[in-house]
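Geometric and topological summary
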Amino acid sequence: MNQTTDFYDIDAFLSEEQKLIRASIRDFVSKEIEPTIEKQAQASVFNVDWVKKMGEMGIFGPTIPQIYGGGGLDYISYGIIMQELEHCDSGIRSVASVQNSLVMYPIYTFGDEIQRNKYLPKLASGAFLGCFGLTEPNHGSDPNSMITHFEDKGDYVLLNGSKMWISNSPIADIAVVWAKDEQKRIHGLIIEKGMEGFSAPEIKNKWSLRTSITGELVFENVKVPKANILPNKSGLGAPLMCLDSARYGISWGAIGTAIACYETARDYSLQRHQFGKPIAAFQLTQKKLAEMLTEITKAQLLAWRLGMLMNEKKATSAQISMAKRNNVAMAIQIAREARQILGGMGIVGDFPIMRHLMNLESVITYEGTHDIHLLILGKEITGIQAFS
Ligand code: TGC
Ligand code: FAD
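Quick look at the structure, then. All of these numbers come straight from a predicted model, not from anything done at the bench. (Residues numbered from 1 in each chain as written. Chains lettered and ligands numbered in written order. Predicted model: local features only at pLDDT ≥ 70, side-chain atom pairs only at ≥ 80, totals over all residues. Heavy atoms only, no water.)

Thoughts on the site of ligand 2
Around ligand 2, the surrounding shell holds 17 residues, and the nearest of these are Thr135, Ser141, Trp165, Thr369 and Phe387. Measuring from an oxygen atom of ligand 2, one finds a backbone N or O atom of Leu134 at 3.0 Å. A distance of 2.6 Å separates an oxygen atom of ligand 2 from a polar atom in the side chain of Ser141. Starting from 980 Å² of accessible surface for ligand 2 in isolation, the protein chains cover 68%. No other element matches the three residues that strand β3 (residues 156–167) contributes to the shell around ligand 2. Taken together, domain 2 (131–228) and domain 3 (237–382) each give at least three residues to the shell around ligand 2, which thus spans both. (Near = heavy atom within 4 Å. Polar contact = N/O pair within 3.5 Å; in protein donor to acceptor, adjacent residues only side chain to side chain. Areas by Shrake-Rupley, 256 points an atom, 1.4 Å probe, with all protein chains shown as cover. Helix = DSSP H or I, 4+ residues; strand = E, 2+ residues; numbered from the N terminus. Domains from an automatic or database assignment.)

Given below as C-alpha cells:
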C-alpha cells in the first residue's frame, strides 16, 4: 500500500532548506490555523490575528531581499509555502498571495528606494496588510479598458474611479491601485487607508473564500502625493507581471488543496464499509483514487519545473498560464470526485472537502479565468489573439 502523495519522489529535488521551510509552515498551519479554520469559514470571518503571525513566520515577502524584511528565498520555496497554506484553505493562501505577489512585489520591482523602505518591512512583518486593485465593476478579464484615472494637479494627483472584488481591501492599510493618467497610460499608485475620499466597503454573502475578506475600493477626488506613484514601470505589463508571480503561487497552492481532498477521500474509503467491504475495494472508487493521484503527480511536476524556470528567470507568461489553469482545474475536479467518495459526509464541515470545493470556484475565476488562460495559450501557439 502506497500512502505517499509524492508518487514520483519530487522530494528528491528539494534542498534541505526547502524541506525545513515546508516542515515549519506545515507545523505553523496545523497549530495556528487548522484548528479553527472550519469555524471561521462557517462564520465567514477573517481572523486579523493571523496576519501578524504569518508575518512572524516569514510567509510575507519570501522572495524579497532580506534588507527590506523579506526572506531572500527562491521560487520553489515560495511555491512550497503557498502549497502548505492552501492545503488548509485557499482564503489563507489568498491573503499571502496578495501580500507577496501583488503588493510587495510591485513595490519592490517598480518602486523607488523611499517607497521600498517605507512599506516593505511593515508588509513583511505583518504590521501592514496590503491589497491590489486592478479589476473594476465593468472591467474584469479586460483590465486594459479600466476607467479609474488620475489628473496631474502639481504636487499631487487627483484619483477617481472604483475597483471591485478586491481581496483584503476592507481591512488593508495600503492598496496598490492601477489607474490611467491623462494620456491613458496605466500606472501603479500606493493608496493609504484614511486618505480623504477613499473607502473600501466589504462585499458580503460570498459562498466561496469565506475566510478571506473581499471588498471594493472607491476613489472620490482622492489627493494622492506624487511620491506614491510607482515610478519604474507603467502600462498594462506592470500589473500583468504581478499577476504572473501570483498565478505561479496558485499553481502550487492548488496542489495543496488537491492533496487534502485526495487524502481525505482515500482514508475515508478505506474505513467506510458498504455491501460488506470497504468502499475502497470497489473498482469505481479505485479508478477515482488512481486518477486523482495521477493528476496530482502531473501537476507537481509542472509546478516544480515551472519553479526552476522562475528561479532562472526564464518562465514565460504562457507557461505560467498553463500551470495555473491546469492545476486549479485539476484541484476542482479532485475536490468534486472526493466529495462523491464521501457520500453524504462530503457536504459537512467535519471534512474539508466542501469548503475546498467552494473556495476553488473563486480560484478558477480570479487571477485570470480558466478560459482567459486558455486564450493566452491559444495566442502563444498560433500567434493570433482571440480575446477581442
Ligand atoms: P496585451 O495586449 O496582450 O498586453 C498588454 C501589454 O502587457 C504585456 N503583457 C504582459 N507583461 C507581463 N506579464 C504578462 N503576463 C503579460 N501579458 C501581456 C504585453 O506584452 C503588452 O505590453 P506592451 O508593452 O506591448 O503594451 O493585453 P490585452 O489587453 O489583450 O489583455 C491580455 C489579457 C486578456 C491576457 C490580460 O488582460 C489578462 O490577463 N486578463 C485577465 C485579468 C486578470 O487576471 N485579472 C486578475 C486581477 S487580480 C486578482 O484576481 C487577484 S486574486 C488575488 C487573490 O486573492 O489571490
Ligand atoms: P468577466 O471578465 O466578466 O468574465 C465573465 C465570463 O466571461 C468568464 O467566464 C470569462 O472567462 C468570460 N470571458 C471574458 N472575456 C472573454 C473572452 N474574450 N473570450 C471568452 N470568454 C471571455 N481582482 C483584483 O484586482 N484584485 C483582487 O484582489 C481580486 N480578488 C478577487 C477575489 C475574489 C474572491 C474574486 C471572485 C475575484 C477577485 N478579483 C480580484 C477579480 C478577478 O480577477 C475577476 O473576477 C476575474 O479577473 C474575472 O473578471 P470578472 O469577474 O469581471 O468576469
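There's more to say after this.
A few points about the site of ligand 1
As a structural note, the neighbourhood of ligand 1 is formed by 26 residues, with Ser94, Ser167, Arg247, Ser317 and Glu367 the closest of them. Gly237 is positioned with one of its backbone polar atoms (N or O) 3.5 Å from an oxygen atom of ligand 1. For ligand 1, an oxygen atom lies 2.8 Å from a polar atom in the backbone of Glu367. When the free accessible area of ligand 1 is taken as 1100 Å², the share hidden by the protein chains comes to 70%. Mapped by element, the contributors of at least two residues to the shell around ligand 1 are α4 (90–110), α6 (237–271) and α10 (370–382). Counting residues per element, the shell around ligand 1 draws most heavily on α6, which supplies six residues. Looking at the shell around ligand 1, its residues break down into eleven nonpolar, ten polar and five charged. (Nonpolar A, V, L, I, M, F, W, Y, C, P; charged D, E, K, R; others polar.)

Some remarks on the nonpolar core
Counting residues in each nonpolar core, the largest one holds 92 residues, and the members touching the most others are Met54, Ile59, Leu85, Ile107 and Trp178. No other element matches α6, which puts 15 residues into this core. Ignoring any residue separated from it by four or fewer positions in sequence, one finds Met54 in contact with Phe28, Ile59, Phe60, Leu85, Ile92, Val95 and Ala96. In this structure, Leu159, Ala179, Phe198 and Val222 belong to the second largest nonpolar core, which totals 18 residues. (Core = buried A, V, L, I, M, F, W, Y, C linked by side-chain atoms within 4.5 Å. Buried < 20%, exposed > 50% of the residue type's maximum accessible area, 1.4 Å probe, protein only. Contact = heavy atoms within 4.5 Å.)

Thoughts on the packing of helix α3 (residues 75–88) against α4
The contact between α3 and α4 brings their axes to 7 Å, and the two run at 150 degrees. Taken together, the axes of α3 and α4 are roughly antiparallel relative to one another. Seen from α3, the contacting residues are Tyr78, Met82, Leu85 and Glu86; seen from α4, they are Ser90, Ile92, Arg93, Ala96, Ser97, Asn100 and Ser101. For the contact of α3 with α4, the class distribution of residues is five nonpolar, four polar and two charged. (Axes fitted to C-alpha atoms, helices over the stretch in contact; angles between N-to-C directions. Parallel < 35°, antiparallel > 145°, perpendicular 65-115°, else oblique.)

Remarks on helix α2 (residues 49–56)
In an α-helix there are 3.6 residues to a turn, and that puts residues three or four apart on one side. Taken as a whole, α2 has its buried residues at Trp50, Val51, Met54 and Gly55. Projected down its long axis, α2 carries its buried residues within an arc of 140 degrees, all on one side. Those residues of α2 that are exposed and aimed more than 90 degrees away from the buried face are Asp49 and Glu56. On its buried side, α2 packs onto α1 (16–43), α3, α4 and α5 (113–125). Within two residues after α2, Gly58 carries a phi angle of roughly 80 degrees, on the positive side. (Arc of directions from axis to C-beta.)

Brief notes about unusual backbone geometry
Phi angles above zero are rare outside glycine, and Lys184 is one such case at about 70 degrees. With respect to the helices and strands, the residue Lys184 is situated in the loop between β4 (174–180) and β5 (186–192). You can call Lys184 exposed: its relative accessible area is 64%. A positive phi is found at Asn221, a non-glycine position, where the angle reads about 50 degrees. Topologically, Asn221 is positioned in strand β7 (residues 214–225). Overall, Asn221 belongs to the partly exposed group, its relative accessible area being 48%.

In short, shape yes, function no, at least from these values alone.
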